[in-house]
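Secondary and tertiary structure notes
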Amino acid sequence: NDRQSTAFSAAFDVALQKASYDFVFSFNYYPILSSCCQRHGIRYVSYVYDSPLVALYSCTLINPCNYVFLFDYTLYTEFCRKNPGHIFYLPLGCDLPHYDSIIPTPQDHANYDCDVSFVGSLYTEKSPYHAIRTQLPSYIQGYFDGILHAQQLVYGYNFLCDIIPPDLMETLDQLIDVSPSPGYDLDKRTLLGNLLLNPMCTEMERIHLLNSIGEHFSLDLYTQSDTSPLKNIRLRGIASSLDGMPKVFKCSKINLNLTAKGIQSGASLRI
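Residues numbered from 1 in each chain as written. Predicted model: local features only at pLDDT ≥ 70, side-chain atom pairs only at ≥ 80, totals over all residues. Heavy atoms only, no water.

A few words now on the overall build of the protein chain. Helix and strand content of the protein chain: 10 helices and eight strands. When each of the 271 residues of the protein chain is scored for burial, the buried share is 45%. Counting contacts in the protein chain only where the partners sit at least 6 residues apart, residues at least 24 apart contribute 59% of the total. Here the protein chain contributes 19 positive and 26 negative side-chain charges, whose respective centroids are spaced 3 Å apart. (Helix = DSSP H or I, 4+ residues; strand = E, 2+ residues; numbered from the N terminus. Buried < 20%, exposed > 50% of the residue type's maximum accessible area, 1.4 Å probe, protein only. Contact = heavy atoms within 4.5 Å. Lys, Arg positive; Asp, Glu negative; His and termini not counted. Charge placed at Lys NZ, Arg CZ, Asp CG, Glu CD.)

Right, let's get into the environment of R39. Examined against the element boundaries, R39 turns out to sit in helix α2 (residues 31-40). For R39, a relative accessible area of 45% translates into the label partly exposed. Put simply, R39 and C65 are 26 residues apart on the chain and 9.2 Å apart in space, counted from C-alpha to C-alpha. Every residue in contact with R39, bar those within four places of it in the chain, is listed here: S9 and D13.

In the segment running from S51 into P52, the intervening peptide bond is cis, with an omega of 0°. If you trace the backbone, P52 turns up in the loop between β2 (43-48) and β3 (66-70). The backbone of N28 sits at a positive phi, close to 70°, despite the residue not being glycine. Relative to the assigned elements, N28 resides in the loop between β1 (23-27) and α2. Of the residues examined, N28 reaches a relative accessible area of 5% and is grouped as buried. A positive phi angle, close to 65°, is found at Y123, a residue other than glycine. By the element assignment, Y123 lies in the loop between β5 (114-119) and α6 (129-133).

This part takes up the sheet that holds β3. Strand order in the open sheet made by the four strands is β1-β2-β3-β4, with parallel pairing throughout. Each edge of the open sheet carries a strand with a single partner, namely β1 and β4 (87-89). Each strand of the sheet is rotated relative to its neighbour by a mean of 15°, with strand direction disregarded. Here β3 pairs with β4 via three bridges, running parallel. Across the sheet, residue L70 finds its bridge partner in β4, namely Y89. Taken strand by strand, α2 contacts β1, β2 and β3, and its axis lies near 160° from that of β2. (Pairing = 2+ DSSP bridges. Axes fitted to C-alpha atoms, helices over the stretch in contact; angles between N-to-C directions.)

As for its position among the elements, S121 is in the loop between β5 and α6. Accessibility expressed as a relative area gives 13% for S121, which makes it buried. A polar contact of 2.8 Å, which involves the side chain of S121, links it to the side chain of E125. A distance of 3.3 Å separates the side chain of S121 from the side chain of S225, its partner in a polar contact. Aside from chain neighbours lying at most four places away, what touches S121 is K126, R206, T223 and S225. (Polar contact = N/O pair within 3.5 Å; in protein donor to acceptor, adjacent residues only side chain to side chain.)

In this section: the sheet that holds strand β7 (residues 234-235). Whether parallel or antiparallel, the strands of a sheet pair through hydrogen bonds between backbone atoms. Reading across from one edge, β7-β6-β5-β8 is the order of the four strands in this open sheet, with parallel pairing throughout. Only two strands of the sheet have a single neighbouring strand rather than two, namely β7 and β8 (252-255). In the sheet, β5 pairs with β8 via three bridges, with the strands oriented parallel. The partner of S117 across the bridge, within β8, is N255. Relative to strand β6 (residues 219-222), helix α9 (residues 188-214) is tilted by about 150°, and along the sheet it contacts β5 and β6. Against the sheet, helix α10 (residues 244-251) makes contact with β5, β6 and β8, and its axis sits at roughly 105° relative to β8, the strand it touches most.

Here the focus is the packing of helix α7 (residues 138-151) against α9. α9 packs onto α7 with a crossing angle of 60° between their chain directions and a minimal axis gap of 9 Å. Relative to α9, α7 is oriented oblique. Judged by the twist between their axes, the crossing of α7 over α9 is right-handed. Packed against α7, whose contacting residues are F144, I147, L148, H149 and Q151, the element α9 presents L192, L197, M200, C201 and M204 at the interface. When its residues are assigned to classes, the contact of α7 with α9 shows eight nonpolar, two polar and no charged. (Parallel < 35°, antiparallel > 145°, perpendicular 65-115°, else oblique. Left-handed = near helix turned anticlockwise from the far one by under 90°. Nonpolar A, V, L, I, M, F, W, Y, C, P; charged D, E, K, R; others polar.)

This is the structure we're talking about:
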């Protein structure tokens with residue numbers, strides 16, 4: 001549980017008694033870590049690689065122990081005022097010596113050589129909108145379908161949250177639970193966009209683009225997602241981030257980066 005856990009807090013207390021630490025570090029931001037660090041007076045350094053990240057709306061973000069680094073500048077401008085001097089903009093880093101040291105062998109070329117490749121999720125497992133859509137009136141289904149298709153055509157500005165009218169939000173509130181968790185400074189419209197619409201838009205875009213490319217080119221896909229909506233694509237299973245993925249990149253004539261719609265002005269780690 002990333003918000004509160006008596007067992008985790010107790011284990012954290014025990015761990016800090018066993019040695020001396022300069023700071024606690026995590027990839028992405030976890031409110032429970034911030035609370036534990038604040039209680040002990042130790043710095044909490046968080047390096048965020050997801051955008052959006054609902055955990056950033058936690059009221060713990062204002063804790064003085066936090067040093068939070070965001071790779072999406074739009075996200076940074078949204079949160080930096082909440083804890084001045086403790087929220088920073090930092091593009092995602094890359095271990096160049098490690099990746100440069102990976103030289104594909106003849107066997108690697110036999111396994112990974114391809115024309116076009118994509119390594120990543122289709123977001124089919126990250127889109128709870130599918131389960132909720134059937135509960136919505138046909139008008140709201142059509143409205144969401146329209147803005148989801150429109151957002152796929154726009155880069156650099158995410159309007160999915162902005163154009164949900166108040167009356168539609170009231171109707172949604174009666175049909176599904178869109179209330180933020182306790183301890184979060186987050187309005188329902190933003191929660192809806194981050195948890196439902198952005199993942200769904202990313203799923204729709206990735207399926208459309210991959211199917212479109214697959215009609216004209218040889219495309220290899222490395223993913224753990226449900227691939228049933230795809231056609232004319234060679235499915236290759238998964239590629240580990242540290243070993244398999246760089247070999248795929250080095251052995252592909254073209255590698256695709258399909259940036260998730262929640263990322264508004266950042267470069268993903270894939271790049």
